[in-house]
Amino acid sequence: MTGRSPGISDVCCTTTLPMPNGDDGVWDTRVLPIAEDQNLYSSPSFALFFNSPTVSLKNALLCSHLPQPILKDSMLSAEYSQTLSEPLTLKVSASFPYAVDLSLLLRGVVGTLYAPGTMHRPWLEMELIISSLNTSADNWLSRVPVELDFTTSKTNDSFVDQRTGLAFQFYTTKLVILQPCLCRLAEWPPSRLHLSDLCKRLATECVQAAGHVINLLPEDVGAVRLNNIGLWCFTLHHIMRSTAVLLVELLTRTQPGTSEAAALTKKLRISLRLLKDRSEVDNASQKAWHICSSILSRHGSIFGFGDDEF
């Protein structure tokens, strides 16, 4: 996603973020001066502006205003400088920097939670780290502009694919962060494990995030909308990670006949139906379907899964 290997420090990267405009916006009078002024676009102050924590990413993407030092140092004409003060309409490609930002967060999560050295850390310390990373993910969501906000229903479908793609990526990031808490609860019986309320709350958020991923799936298994979001191998990864979380929650921490069990089985059936349909044309989906159906055929009967479903 970022084009940078995990071993490269961010301080060594000086390339600025891509301009959040498609080909149709190149000739916009508010975009043209930025694209033509190579000194401005390649200046360190421009890169710092895009990466400054005090400036919202939305304002940077909209180019509604630039820092005064940049305008002063650039060779822009007075006419072009005036056009920069006019707000730009958010372009479809503006979702890309948010995806990059989330990818960088995920890279940090993997390096922090899943490094070999974490095995020697006390669990209470890991809880605090997980909580801090979870807050970072929530802070990312708070910076997303209204057009790309996937937590509320939208009547305008101009950004539906971009919102869905960011939603898949965000909830999967939450799963990577929170899954250790769920696994901690699932591995040990309650009588042998004394966990804090924080761990239990984070485990609940993990299951909720998995449910949000399933809610993104179309009711029509033959719908082609998922193909517009990105490569199917990425979408399959999001689906399988959430399905795995739901399976763990159902088979280890849920009592049959409860409302929680009914909600989990409903979401699992949605996931399994999509995997079964895609398994006819995709080998990876077929493997995923066989794994899930094998688990539920052996352990899912008490939750109402019948042999005819597999």
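Parameters and conventions
Residues numbered from 1 in each chain as written. Predicted model: local features only at pLDDT ≥ 70, side-chain atom pairs only at ≥ 80, totals over all residues. Heavy atoms only, no water. Helix = DSSP H or I, 4+ residues; strand = E, 2+ residues; numbered from the N terminus. Buried < 20%, exposed > 50% of the residue type's maximum accessible area, 1.4 Å probe, protein only. Contact = heavy atoms within 4.5 Å. Areas by Shrake-Rupley, 256 points an atom, 1.4 Å probe, with all protein chains shown as cover. Core = buried A, V, L, I, M, F, W, Y, C linked by side-chain atoms within 4.5 Å. Domains from an automatic or database assignment. Polar contact = N/O pair within 3.5 Å; in protein donor to acceptor, adjacent residues only side chain to side chain. Salt bridge = Lys/Arg side-chain N within 4 Å of Asp/Glu carboxyl O. Expected span 1.5 Å × (residues − 1). Arc of directions from axis to C-beta. Bend = angle between axes of the 7 residues up to and from the residue. Phe/Tyr/Trp six-rings, centres within 6.5 Å; stacked < 30°, edge-to-face > 60°. Lys NZ or Arg CZ within 6 Å of the ring centre and 35° of its normal.

As recorded by an unreviewed UniProt entry, the protein chain carries the name Transcription factor domain-containing protein and is attributed to Penicillium antarcticum.

The number of helices and strands found in the protein chain is 14 helices and zero strands. Residues classed as buried in the protein chain amount to 44% of the 310 residues present. Residue pairs in contact within the protein chain that sit at least 24 positions apart in sequence constitute 70% of those at least 6 positions apart. Accessible surface, the protein chain as shown: approximately 16700 Å² in total, 56% of it carbon and sulfur.

Now for the nonpolar core. Formed by 63 residues in total, the largest nonpolar core has its most connected members in Ile130, Trp140, Phe150, Phe170 and Tyr171. At 12 residues, the largest contribution of residues to this core is made by helix H9 (residues 160-187). Mapping this core onto the domain boundaries places at least three of its residues in each of domain 1 (92-216) and domain 2 (223-309). Sequence-distant contacts of tyrosine 171, defined by excluding residues within four places in its chain, comprise Phe150, Thr151, Ala209, His212, Val213 and Leu216.

Right, let's get into the side chain of threonine 172. In this fold, threonine 172 is placed in helix H9. There is a polar contact of 2.8 Å between the side chain of threonine 172 and the backbone oxygen of phenylalanine 168. The contact partners of threonine 172, leaving out residues within four places of it in the chain, are His237, His238 and Arg241.

Before going further, it helps to spend a moment on the environment of tryptophan 232. Mapped onto the elements of the fold, tryptophan 232 is located in helix H12 (residues 232-253). Overall, the relative accessible area of 11% leaves tryptophan 232 in the buried class. Along the sequence, tryptophan 232 and serine 285 sit 53 residues apart, while their C-alpha atoms lie 9.4 Å from each other.

Turning our attention to the pattern of salt bridges. One pass over the full model with this rule turns up six salt bridges. Measuring nitrogen to oxygen at the nearest pair gives 2.9 Å for the salt bridge that ties arginine 143 to aspartate 101. Separated by 42 residues along the polypeptide, arginine 143 in the loop between helix H8 (123-142) and H9 and aspartate 101 in helix H7 (residues 95-113) bring together distant segments of the chain. A relative accessible area of 36% places arginine 143 in the partly exposed class. Residue classification places aspartate 101 among the partly exposed residues on the basis of a relative accessible area of 25%. Across the pair glutamate 205 and lysine 174 runs a salt bridge, and its minimum N-O distance is 3.5 Å. Remark: lysine 174 occurs in helix H9 and glutamate 205 occurs in helix H10 (residues 197-215); sequence separation between them is 31 residues. By the burial criterion, glutamate 205 is buried, and lysine 174 matches it.

A few words on the side chain of threonine 243. Here threonine 243 lies in helix H12. Look at threonine 243 and you get buried, because its relative accessible area is 1%. Setting aside its immediate chain neighbours within four residues, threonine 243 contacts Ile214, Leu268, Ser271 and Cys292.

Take helix H14 (residues 283-299) next. The end-to-end C-alpha separation of H14 is 25 Å, in line with the 24 Å expected for 17 residues at 1.5 Å each. Among all positions in H14, only Ser285, Ala288, Trp289, Cys292, Ser293 and Leu296 are buried. Each buried residue of H14 lies within a common arc of 125° when the element is viewed along its axis, so the set occupies one face. Looking at H14, the residues exposed on the side facing more than 90 degrees away from the buried face are Asn283, Lys287 and Arg298.

Before going further, it helps to examine H9. An ideal rise of 1.5 Å per residue puts 40 Å on 28 residues; H9 measures up with 39 Å between its terminal C-alpha atoms. The largest bend in H9 comes to about 50°, at leucine 178, with the proline proline 180 one to four residues further on. Burial of H9 is extensive: 20 of the 28 residues sit out of reach of the surface.

Here we take up the packing of aromatic side chains. In this description, an aromatic ring pair is defined by two values, namely the gap between the centres and the angle between the planes. Under the criterion given, the structure shown has five aromatic pairs. Summarising the aromatic geometry, the rings of phenylalanine 150 and tyrosine 171 are spaced 5.7 Å apart at their centres and angled 70° between planes, so their arrangement reads as edge-to-face. With a gap of 21 residues between them, phenylalanine 150 in the loop between H8 and H9 and tyrosine 171 in helix H9 connect regions that are remote in the sequence. Look at phenylalanine 170 and tyrosine 171: their rings are 5.3 Å apart centre to centre, the planes differ by 65°, and that puts the pair in the edge-to-face class. The exposure classification of phenylalanine 170 matches that of tyrosine 171, with both residues buried. Above the plane of the ring of phenylalanine 305 lies arginine 269, whose end atom (NZ or CZ) is 4.5 Å from the centre. Positioned above the aromatic ring of tryptophan 232 is the side chain of arginine 278, whose terminal nitrogen or guanidinium carbon lies 4.0 Å from the ring centre.

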